[in-house]
Amino acid sequence: MYEYLKYDLSEGVATISLNRPEVYNALNNEITFELQAALKEVKKNNEVRVVVLTGEGKAFCSGQDLKASAAEPNRSFSDSIHKRYNPIIKAIRKMPKPVICKLNGVAAGAGCSFAIACDIVVAAESAKLIEVFVNIGLVLDSGSSYFLPRLLGSAKSFELATMGTRVSGKEAEIIGLVNKCVPDTELDAAVKAYTDYYAKAPTKAIGLMKKMLNKSQNATLSEMLDYEAYNQDIAGGTHDHKEGVQAFLEKRVPEFKGH
């Protein structure tokens with residue numbers, strides 16, 4: 001179905017793998033549009049309860065394919081960002097299901113942005129995150145200027161952005177840039193622990209909580225109190241809420257359906 005992606009759906013888990021390993025999954029026009037299409041597919045597919053984004057080969061994503069962009073010397077940077085990159089970031093953040101980044105290797109530039117836009121990032125010890133834009137005289141894009149200070153604070157974000165600092169998987173875990181860092185041989189199992197949970201979780205409620213946490217970044221306490229009440233009404237009308245209460249009363253494990 002895709003030329004530059006691998007797509008797999010199994011037991012509620014949709015895995016999207018960037019598949020240009022020969023160039024460390026660098027981003028050309030085609031792969032970015034395919035990724036947009038894949039994210040639309042998993043959003044509308046009710047069988048999907050959790051999404052995993054990863055890369056084939058040694059890297060997660062090395063960012064923009066500079067050889068491809070050199071073939072378009074007169075291209076508009078802003079047009080490329082608006083058409084190719086921003087829709088991907090918005091799709092990840094608006095996805096009404098958890099998106100897990102399986103960070104299997106280097107994430108540089110826009111690839112780093114893709115990783116930190118995900119809800120949960122599980123990194124291999126060999127993984128590296130690099131906001132590499134400054135090394136070619138460019139600025140942060142694809143949401144990094146939004147996510148970095150919210151994850152790390154202003155001072156550390158400035159350092160990583162303006163020095164192009166290479167952050168190891170373990171250091172990224174310590175400073176809060178990723179959720180978890182594990183030995184490379186344990187990466188699959190660590191991601192599976194998350195997907196096993198989310199594939200059986202109350203997906204509708206989790207999607208609502210994701211919306212709430214997104215909104216809280218730029219909202220007052222009063223606004224969030226009202227928004228919580230609004231979303232609680234929605235959650236309270238779901239099958240999974242009724243199942244959760246029934247399971248509690250019957251002292252059994254709930255069987256959530258995701259709606």
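Draft legend 1. Spotlight on the layout of surface pockets. By volume, the largest pocket is sized at about 640 Å³. Together, 25 residues line the largest pocket, and Arg93, Cys118, Asp119, Leu213 and Asn214 are the ones closest to its centre. For the lining of the largest pocket, the element with the most residues is helix H9 (residues 203–216), which contributes six residues. For the lining of the largest pocket, the per-class residue count stands at 15 nonpolar, five polar and five charged.

Draft legend 2. Quick peek at the nonpolar core. If you look at the biggest cluster of nonpolar residues, it comprises 45 residues, and the most contacted ones within it are Ile16, Leu35, Phe60 and Leu103. The leading source of residues in this core is helix H4 (residues 110–117), at six residues. Counting residues in each nonpolar core, the second largest holds 15 residues, with Val13, Ile100, Ile120 and Leu187 among its members.

Draft legend 3. Seen up close, the pattern of salt bridges. The final tally for this structure, using the stated rule, is 10 salt bridges. Asp119 is paired through a salt bridge with Lys210; the nearest N and O atoms lie 2.8 Å apart. A residue pair is termed long-range when its members are at least 10 positions apart, and Asp119 in the loop between H4 and strand S7 (120–124) and Lys210 in helix H9 qualify at 91 residues. Residue class for Asp119 comes out partly exposed when judged on its relative accessible area of 26%. Between Lys192 and Asp196 there is a salt bridge; the shortest N-O distance is 2.8 Å.

Draft legend 4. Region of the structure containing the packing of aromatic side chains. Scanning the entire structure with this criterion turns up five aromatic pairs. A ring pair is formed by Tyr146 and Phe147, whose centres lie 5.3 Å apart and whose planes are at 90 degrees; its orientation type is edge-to-face. The class of Tyr146 is partly exposed, set by a relative accessible area of 30%. Between the NZ or CZ atom of Arg20 and the centre of the ring of Tyr4, over which it lies, the distance is 5.6 Å. When the ring centre of Tyr227 is taken as origin, the NZ or CZ atom of Lys215, which lies over that ring, is 5.1 Å away.

Calculation criteria
- Residues numbered from 1 in each chain as written.
- Predicted model: local features only at pLDDT ≥ 70, side-chain atom pairs only at ≥ 80, totals over all residues.
- Heavy atoms only, no water.
- 1 Å grid on protein atoms, 1.4 Å probe; cavity = no way out; pocket = protein on both sides within 12 Å on 5 of 7 lines; lining within 4 Å.
- Points joined across faces, edges and corners; volume = space filled by probe spheres on them.
- Helix = DSSP H or I, 4+ residues; strand = E, 2+ residues; numbered from the N terminus.
- Nonpolar A, V, L, I, M, F, W, Y, C, P; charged D, E, K, R; others polar.
- Core = buried A, V, L, I, M, F, W, Y, C linked by side-chain atoms within 4.5 Å.
- Buried < 20%, exposed > 50% of the residue type's maximum accessible area, 1.4 Å probe, protein only.
- Salt bridge = Lys/Arg side-chain N within 4 Å of Asp/Glu carboxyl O.
- Phe/Tyr/Trp six-rings, centres within 6.5 Å; stacked < 30°, edge-to-face > 60°.
- Lys NZ or Arg CZ within 6 Å of the ring centre and 35° of its normal.

Purely geometric stuff here, so don't read any function into it on its own.
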